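Fold and contact review
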Amino acid sequence: MMKSNLQSMSSFQPSPAVAELEARRAAALEMGGPEGLAKQTSLGKLSARDRINQLLDAGSFVEMGMLAGKGRYDAQGRFSSFSPSNSVMGAGQIEGRRIVASADDFTIRGGSSESTVSDKWIYAERYAHQMRLPLVRLVETAGGSIKILEQNQSTKIPGYPNWPWMPLLAQSPVVGIALGACAGLGAVKVAATHFSVMVKGMAQVFAGGPPVVKRGIGEDIHKEQLGGVQVHTRLSGVVTNSADSEEDAFAQTRRFLSYLPTNVWGTPPKVSATDEPRRSDAWLDEAIPLDTRKVFDIRKILKSVFDTDSLFELSRGFGGSTVTMLGRLNGCALGIIANDPRVMGGALTAQAARKLERFVDVCDTFHLPIVNFVDQPGVMFGSDAEKAGTIGMAMRAIGAIEQSQVPWCAIILRRSFGVGGQMHGPQHGPDGYALLHRFAWPTARWGSIPVEGGVAAAYKRELEESANPLERQEELEAYYQQLSSPFRTAERFGVIDIIKPRETRSLLCDWVQDACAVTAGQVGIRTRTFR
């Protein structure tokens, strides 16, 4: 009996339908075929499936839509071969949390957005939206293809009515990874995100590639100069971070998502605290030079205050006078803003204002409390600043700050002047008032205008008529410096307290417990009306 069963099993043949299924699946796994995959490898690039597998937890990816593509049939209508869609998508896990991933397959028609089955990648976005899951787009696409006209014998009005990209941004974390040329729709997929990263020397992002640019406006330009890392992480700010390799881009994506909840109905994950909340670094008391013309290393200060190895900086190359980071205090995730006096003196430039607006919106969307380390001399001035529309950008940033509902804590390190200085936290809040937890270091000074510039303007005539203008100016500055002492403001409860710099970590570790308890009760979609 056993022998006959074994003979029966060895002679088992799959049904024609199962055999066809296996053939179609095998063709899908071949992607663009040996030649296409070899070319991708020769360029130092991973295939679409390898990218997904490296991004996600090992063995967690479950593909959807593998059979979407184009079948070929003989004269009798029988299946003969299959070419898969150039989009690979499905769901898996990152650090044990569910996530949706969608990857362009450049080995098939250059990943063209019009050489695929658009319903497939849109389904991934709709699935992420309906299931309230984070979405990661692995983008490498040549954009639209003129050959679609010949294929369909017609054209279409642009747009994807079933693509819920805006509702998705209001609900779940969205990441775009640029892994090659990302043109047209590809550029949109990278830009319409909460975090984006592009690989140096490999990725470019642009509305239209070099051939389109040359034909349209006569500009002959290389793709790297048109939309490479230097363009979009330093000049335009379209892309958040750069990466040294695909593996680095995936690691940054995992790191970014580790600070965020799965969706706006959850709270940011808390990790086990391994750093002493009462840790105190005495050198902080001398970290800020008394001479405001001298600079200091703000990142060194932040490393001292926050949990060890917990800082993840966003958009370092863009708007560098403002620093934006994700980090942790006693294991709790939060957003961090600071000014870098080594870049434009820390002044609020148009770029910095755009960066600040975007960062505050992300923190508020996903319930991350915000800590602001302030050394803000004010809004950048001068002809270049005016042409850049700096004050308009500043007002947009103020709008983002005022509409945020997460708790803020401001630590004024040195300067806080003018319109830029008022942006250390919400003054009114979305419901007409805000509880801004505000502290200062003894080195802090604030006001509508710095003492030095204020004396020069208010006493211009007196100084011109003085027998010793420099001596008289120094006398006036010393007088007003005494009046601007932070301790006088503390007497009127303009700040909660003046603290020793070494006490900052301990104070914030206490505050973050209350702040995270508040955000846990604020879960849900935010409504913004200013922008």
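Residues numbered from 1 in each chain as written. Predicted model: local features only at pLDDT ≥ 70, side-chain atom pairs only at ≥ 80, totals over all residues. Heavy atoms only, no water.

Focus on the overall build of the protein
For clarity, the threshold we go by: Runs of H or I in DSSP of at least four residues are treated as helices and runs of E of at least two as strands, each being numbered from the N terminus. Exposure categories follow from relative accessible area, calculated using a 1.4 Å probe and restricted to protein chains: below 20% of the type maximum is buried, above 50% is exposed, and the middle band is partly exposed. Working rule for contacts: check all heavy atoms of both residues, and any pair within 4.5 Å makes them a contact.
Of regular secondary structure, the protein possesses 22 helices and 18 strands. If one aligns the C-alpha atoms of the protein with their principal axes, the spans along those axes are about 110 × 65 × 40 Å. The buried share of the protein, reckoned over its 531 residues, is 50%. The long-range fraction of contacts in the protein, counting pairs at least 24 apart against all pairs at least 6 apart in sequence, stands at 73%.

Some thoughts on the packing of aromatic side chains
Stated formally: Any two rings among Phe, Tyr and Trp, with Trp reduced to its six-membered ring, count as a pair given centres within 6.5 Å; such a pair is stacked if its planes are under 30 degrees apart, edge-to-face if over 60, and tilted if neither.
Here the structure, examined in full by the defined rule, presents ten aromatic pairs. Seen from their ring centres, Phe306 and Phe373 are 5.8 Å apart, and the 65° between their planes marks the pair as edge-to-face. Of the two residues, Phe306 sits in the loop between helix H13 (298-305) and strand S11 (312-314) while Phe373 sits in strand S14 (residues 370-376), which places them 67 residues apart along the sequence. Each of the two residues, Phe306 as well as Phe373, counts as buried. Aromatic rings pair up to connect Phe195, Phe256, Tyr259 and Phe312 into one cluster.

Considering the pairing of strand S13 (residues 332-339)
Rules: Strands pair, by our definition, only if DSSP identifies at least two bridges between them.
Counting buried residues along S13, eight of its eight residues qualify, which places the element largely inside the surrounding structure. Burial of the side chains of S13 extends over both faces: Cys332, Leu334, Ile336 and Ala338 are buried on one face and Ala333, Gly335, Ile337 and Asn339 on the other. When strand S12 (residues 322-329) meets S13, the two strands line up antiparallel, connected through eight bridges. Directly across from Leu329, in S13, lies its bridge partner Cys332. Between S12 and the antiparallel strand that follows it, S13, lie two residues; Asn330 among them carries a positive phi value of about 55°.

Things to note about helix H12 (residues 246-258)
The line we're drawing: To estimate the expected span of a helix, count its residues, drop one, and scale the result by 1.5 Å.
Over its 13 residues, H12 extends 19 Å from the first C-alpha to the last, a length consistent with the 18 Å expected when each residue adds 1.5 Å. What H12 keeps buried is the set Glu246, Ala249, Phe250, Gln252, Thr253, Phe256, Leu257 and Ser258.

Re the pattern of salt bridges
To keep it simple, the criterion reads: The term salt bridge refers to a pairing of a side-chain nitrogen on Lys or Arg with a carboxyl oxygen on Asp or Glu at a separation within 4 Å.
Counted under the stated rule, the structure contains 28 salt bridges. Arg51 is the partner of Glu140 in a salt bridge, and the nearest nitrogen-oxygen pair spans 2.9 Å. Taken together, the positions of Glu140 in strand S6 (residues 135-141) and Arg51 in helix H4 (residues 48-55) put the pair 89 residues apart, joining distant regions of the chain. Grouping residues by exposure puts Glu140 and Arg51 together as buried.

Regarding the nonpolar core
Across soluble globular proteins, nonpolar side chains have a tendency to be buried as a group. Put simply, the rule is: We define the nonpolar core as a collection of buried residues of types Ala, Val, Leu, Ile, Met, Phe, Trp, Tyr and Cys that are connected through side-chain atoms lying within 4.5 Å of one another.
Among the nonpolar cores identified, the biggest contains 55 residues, and Leu138, Ile177, Phe256 and Leu326 are the most heavily contacted of them. At seven residues, the largest contribution of residues to this core is made by helix H14 (residues 350-365). In this structure, Phe256 is in contact with Val175, His194, Phe195, Phe312, Leu314 and Leu326, ignoring residues within four places of it in sequence. Phe296, Leu302, Leu413 and Trp511 belong to the second-largest nonpolar core, a separate cluster that totals 31 residues.

Examining the side chain of Arg414
Keep this limit in mind: Two N or O atoms form a polar contact when they lie within 3.5 Å of each other; inside protein one atom must be a possible hydrogen donor and the other a possible acceptor, and for residues adjacent in sequence the pair counts only when both atoms belong to side chains.
By secondary structure assignment, the location of Arg414 is in strand S15 (residues 408-417). The exposure class of Arg414 is buried, given its relative accessible area of 2%. Here the side chain of Arg414 touches Lys294 through a polar contact of 2.9 Å, landing on its backbone oxygen.

Structural notes on the environment of Asn330
Structurally, Asn330 is set in the loop between S12 and S13. In the structure, Asn330 is positioned 175 residues away from Arg505 in sequence and 9.5 Å away in space, judged by C-alpha atoms. If we ignore the near neighbours within four places in the chain, the residues touching Asn330 are Lys270, Ala273, Asp275, Pro277, Asp307 and Cys509.

As for the environment of Ala191
As for its position among the elements, Ala191 is in helix H8 (residues 185-191). Judged by its relative accessible area of 39%, Ala191 falls in the partly exposed class. The spacing of Ala191 and Gly176 is 15 residues in sequence and 7.1 Å in space, taken between C-alpha atoms.

Section: the environment of Arg293
Within the secondary structure layout, Arg293 lies in the loop between H12 and H13. Taking C-alpha positions, Arg293 is 8.6 Å from Gly345, a pair spaced 52 residues apart along the chain.

Purely geometric stuff here, so don't read any function into it on its own.
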